[in-house]
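Results of the structural survey
Given next are the chains, with one letter for each unit.
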Amino acid sequence: MSLAAYCIICCRRIGTLTPPPKSTTYRRDIRNVIKFTGSLILGGSLFLTYEVWALKKSLTLDTQVVEREKMKSYIYVDTVSLDDRENYDPFSTVDVEDHECAVWLLLRKSQSGDRAARLQAVQEMSEIHHWHDYQYRIIAQACDLRTLIGLARSKESDPRFFLPPPPLPSLKEDSSIEEELRQLLASLPQTEIDECIQYFTSLALSESSQSLAAQKGGLWCFGGNGLPYAESFGEVPSATVEMFCLEALVKHSEISTHCDQIEANGGLQLLQRLYQLHKDCPKIQRNIMRIIGNMALNERLHSTIVRSGWVSILAEAMKSRRIMEASHAARTLANLDRETMREKYHDGVYVLHPQYRTSQPIKADVLFIHGLMGAAFKTWRQQDSEQVLTEKILEDEARYSTCWPKTWLARDCPALRIISVEYDTSLSDWRTRCPVERKSIAFRSNELLRKLRAAGVGDRPVIWVSHSMGGLLVKKMLLEASKKPEMSTVINNTRGIIFYSVPHHGSHLAEYSVNIRYLLFPSLEVKELSKDSPALKTLQDDFLEFAKDKNFQVLNFVETLPTYIGSMIKLHVVPVESADLGIGDLIPVDVDHLNICKPKKKDAFLYQRTLQFICETLAKDLES
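What you see is a predicted model; the values in this text were computed from it and never measured.

In this section: the layout of surface pockets. Volume-wise, the second largest pocket comes out at about 1,200 Å³. Taken together, 36 residues make up the lining of the second largest pocket; nearest its centre are Pro-354, Tyr-356, Arg-357, Thr-358 and Ser-359. Among the elements that take part in the lining of the second largest pocket, helix α5 (residues 115-126) stands out by supplying six residues, more than any other. Within the lining of the second largest pocket, the residues separate by chemical class into 14 nonpolar, 11 polar and 11 charged.

Shown next as structure tokens:
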């Protein structure tokens with residue numbers, strides 16, 4: 001501003017001076033112009049220099065502050081694989097502020113050589129809910145595999161402990177999820193495998209070929225090679241084929257070497273993409289969970305499963321209100337958790353309680369075995385208005401209510417481990433899932449016994465709870481276990497058995513089915529329930545003598561009302577005389593065959609008498 005005033009004054013002086021001679025005036029004007037221009041340039045330069053310096057000073061950032069803020073979002077440590085983290089100490093040189101010491105001390109403690117210290121660290125982490133987001137991210141990025149799985153299995157863990165899954169690889173050009181599923185399935189061994197695995201694999205590959213042909217302009221053939229017409233109409237072909245492929249992959253994942261190939265061929269990422277795509281389809285998600293749970297039985301695959309981002313998905317599913325979804329996730333995480341678990345849970349074996357890590361000592365096991373056309377969760381729901389015994393209704397997950405062993409029994413007896421078992425059954429061979437599969441009670445009992453022993457059944461006192469044909473399986477399992485020295489603990493620790501309408505002497509259902517065999521075409525399971533079945537009579541005689549010798553405590557319930565099968569058939573499935581084992585109390589209840597194991601409410605006689613039997617039979621074990 002002073003510079004501008006000076007210029008104005010100079011101009012005025014020049015204008016008011018007496019005109020000198022012409023030549024002198026000309027030179028003087030030039031000098032004045034030079035002075036004026038020089039002053040203007042110099043002053044402007046000084047002004048601009050000052051403004052730039054002032055602006056730079058105001059915009060200068062404290063780089064140390066920036067670095068500290070970056071450390072709140074990202075943790076910079078040496079690259080190391082999950083497999084090598086047990087021998088790696090990232091905390092020896094870390095430089096943190098005082099208020100962040102607690103985070104890093106917990107991390108260091110979680111990787112201690114002392115198992116008790118590690119467990120305590122995970123428990124302390126799971127109880128923290130007041131941290132900032134970046135502090136949870138520190139744990140998420142720097143913790144090891146054991147800690148992450150422990151947090152996923154801790155009930156109160158904050159979801160911010162779990163990073164979102166890494167980005168999935170892009171699909172190949174001109175490819176689809178259905179086509180990649182087909183390629184994954186085709187890459188697995190097709191020889192020297194079980195007949196049912198061959199059946200599911202060939203069916204899935206055949207149907208996917210027809211679907212791909214339809215997408216490329218060919219004709220979609222409803223029914224195809226074994227695809228039931230009734231299940232095809234109304235469904236998108238790709239969704240149907242995905243279900244077939246997943247069912248085949250479930251069977252393949254039961255073979256350890258096939259799990260390796262599923263992982264090597266990108267199966268973990270492909271299944272994750274499919275899982276996220278079908279959030280509204282419980283059946284697809286359930287089969288995917290079954291595959292991941294089977295793969296988790298192989299410890300060599302644990303680090304790969306964790307790195308692929310499945311732990312965060314499982315941790316979220318564990319908190320689901322849907323018991324089936326939570327139980328599948330709980331099974332997978334339990335198989336991944338080698339820090340606190342010795343047991344392994346094979347496909348079809350689900351822990352209803354406790355599903356999380358717990359400080360509550362578990363003193364006994366209660367096992368639930370469903371019957372013909374039953375399921376691990378639905379069989380044990382509260383009684384509802386269901387009056388129709390058909391597979392279609394029982395498989396409709398929208399009708400699933402609750403599961404009283406998980407909600408009521410777990411609350412009344414928290415010291416129990418409650419397990420529910422699932423296996424495939426069918427009334428008729430027309431609807432059997434695998435036409436080449438003919439599983440007798442003897443075959444199923446050996447298969448279930450092997451799975452239950454792997455889950456640690458027999459290490460604690462046991463009570464068996466069974467419905468319908470499930471009771472025959474329990475009897476056969478115990479007889480088979482008595483013949484095998486390695487299964488002796490199962491017999492020695494069996495305290496009692498509850499039978500809900502078990503046809504010890506046969507069922508009218510079998511007689512009815514045989515009489516109209518051309519209509520119903522009874523399955524092998526139904527045929528074995530006929531009153532004149534030699535195998536059934538031998539099983540009853542052998543078990544009655546065995547149970548008396550071992551002094552098992554027994555409680556029998558039996559229905560008194562007929563059951564509707566379809567819309568026109570009404571049948572008393574298990575009469576009172578057939579439900580009488582020959583030992584233990586026999587209690588008739590005014591319900592039908594389906595509702596004999598479904599109490600109306602918690603204070604109903606059915607549940608209260610069951611609870612009383614369990615508490616009295618395990619009284620000494622629960623007190624110790």
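Attention now moves to the confidence of the model for the protein. Mean pLDDT over the protein stands at 81; residues scoring 70 or higher make up 75%. A low-confidence stretch, residues 216-236 (pLDDT under 50), is modelled with 32 contacts involving residues beyond four sequence positions or located in other chains.

Okay, the nonpolar core next. By size, the foremost hydrophobic cluster in this structure holds 68 residues, and its most contacted members are Ile-139, Leu-246, Leu-249, Ile-288, Met-295 and Trp-310. Tallying contributions element by element places helix α11 (residues 237-252) first for this core, with eight residues. Residues in contact with Ile-139, not counting those within four places in the same chain, are Val-103, Leu-107, Met-125, Trp-131, Leu-151 and Phe-161. Formed by 44 residues, the second largest nonpolar core is a distinct cluster that contains Leu-367, Met-373, Leu-479 and Phe-552.

Turning to the environment of Thr-402, a few remarks are in order. With respect to the helices and strands, Thr-402 occurs in the loop between α18 (391-394) and α19 (404-412). By relative accessible area, which is 16% here, Thr-402 ends up buried. Taking C-alpha positions, Thr-402 is 6.2 Å from Gln-382, a pair spaced 20 residues apart along the chain. Beyond its immediate sequence surroundings of up to four residues, Thr-402 is in contact with Ile-323, Phe-377, Trp-380, Arg-381, Gln-382 and Thr-407.

This part covers helix α14 (residues 282-295). Its 14 residues give α14 an end-to-end C-alpha distance of 20 Å, which sits within 8% of 20 Å, the value for a rise of 1.5 Å per residue. Most of α14 is tucked away: 11 of the 14 residues are buried. For α14, the full list of buried residues reads Ile-284, Gln-285, Asn-287, Ile-288, Met-289, Arg-290, Ile-291, Ile-292, Gly-293, Asn-294 and Met-295.

Viewed as axis vectors pointing N to C, helix α7 (residues 145-152) and helix α16 (residues 310-318) meet at an angle of 20°, and their least axial separation amounts to 9 Å. For the element pair α7 / α16, the angle class is roughly parallel. Crossing of α7 against α16: the hand is right-handed. Across the interface between the two elements, Leu-148, Ile-149 and Ala-152 of α7 pack against Val-311, Ala-315 and Met-318 of α16. Broken down by class, the residue content of the contact of α7 with α16 amounts to six nonpolar, no polar and no charged.

Looking now at the packing of helix α4 (residues 101-110) against helix α6 (residues 133-142). The interhelical angle for the contact between α4 and α6, taken along N-to-C directions, is 25°, at an axis separation of 10 Å. In terms of orientation, α4 and α6 fall into the roughly parallel class. In this structure, α4 meets α6 at a crossing whose hand is right-handed. Across the interface between the two elements, Val-103, Trp-104 and Leu-107 of α4 pack against Gln-135, Ile-138, Ile-139 and Ala-142 of α6. For the contact of α4 with α6, the class distribution of residues is six nonpolar, one polar and no charged.

Once that is clear, we can look at the packing of aromatic side chains. Evaluated as defined, the whole model comprises 15 aromatic pairs. Ring centres of Trp-380 and Trp-404 lie 6.3 Å apart, and the angle between their planes is 85°; on these two criteria the pair is classed as edge-to-face. Taken together, the residues span a long stretch of sequence, with Trp-380 in the loop between β2 (364-369) and α18 and Trp-404 in helix α19 at a distance of 24 residues. Comparing Trp-380 with Trp-404, the two get one shared label, buried. Judged by centre distance (5.1 Å) and plane angle (10°), the ring pair of Tyr-500 and Phe-557 falls under stacked. Taken together, the positions of Tyr-500 in strand β5 (residues 494-500) and Phe-557 in strand β6 (residues 553-559) put the pair 57 residues apart, joining distant regions of the chain. The burial state of Tyr-500 is the same as that of Phe-557; both residues are buried.

All right, on to the pairing of strand β3 (residues 416-421) then. Summarising burial for β3: six of the six residues are buried, a large majority. Of the two faces of β3, the one lined by Leu-416, Ile-418 and Ser-420 and the one lined by Arg-417, Ile-419 and Val-421 are each fully buried. As defined by bridge partners, strand β1 (residues 349-353) adjoins β3 across four bridges and the pair is classed as antiparallel. Each residue of the ladder has a partner; that of Tyr-350, found in β3, is Ser-420.

This next bit is on the pattern of salt bridges. Inspection of the entire model under this criterion finds 21 salt bridges. Residues Glu-339 and Arg-118 are paired through a salt bridge, measuring 2.7 Å at the closest nitrogen-oxygen approach. Pair noted here: Glu-339 is in the loop between α17 (323-336) and β1 and Arg-118 is in helix α5, with a separation of 221 residues, a long-range link. On the basis of relative accessible area, Glu-339 is assigned to the buried category, the value being 11%. Judged by relative accessible area, which is 10%, Arg-118 ranks as buried. Where Arg-160 meets Asp-158, a salt bridge forms, and the shortest distance between an N and an O atom there is 3.0 Å. Residues joined in a network through salt bridges with shared partners are Glu-343, Asp-365, Arg-417 and Arg-460.

Cut-offs used in this document
- Residues numbered from 1 in each chain as written.
- Predicted model: local features only at pLDDT ≥ 70, side-chain atom pairs only at ≥ 80, totals over all residues.
- Heavy atoms only, no water.
- 1 Å grid on protein atoms, 1.4 Å probe; cavity = no way out; pocket = protein on both sides within 12 Å on 5 of 7 lines; lining within 4 Å.
- Points joined across faces, edges and corners; volume = space filled by probe spheres on them.
- Helix = DSSP H or I, 4+ residues; strand = E, 2+ residues; numbered from the N terminus.
- Nonpolar A, V, L, I, M, F, W, Y, C, P; charged D, E, K, R; others polar.
- pLDDT = per-residue confidence, 0-100.
- Contact = heavy atoms within 4.5 Å.
- Core = buried A, V, L, I, M, F, W, Y, C linked by side-chain atoms within 4.5 Å.
- Buried < 20%, exposed > 50% of the residue type's maximum accessible area, 1.4 Å probe, protein only.
- Expected span 1.5 Å × (residues − 1).
- Axes fitted to C-alpha atoms, helices over the stretch in contact; angles between N-to-C directions.
- Parallel < 35°, antiparallel > 145°, perpendicular 65-115°, else oblique.
- Left-handed = near helix turned anticlockwise from the far one by under 90°.
- Phe/Tyr/Trp six-rings, centres within 6.5 Å; stacked < 30°, edge-to-face > 60°.
- Pairing = 2+ DSSP bridges.
- Salt bridge = Lys/Arg side-chain N within 4 Å of Asp/Glu carboxyl O.

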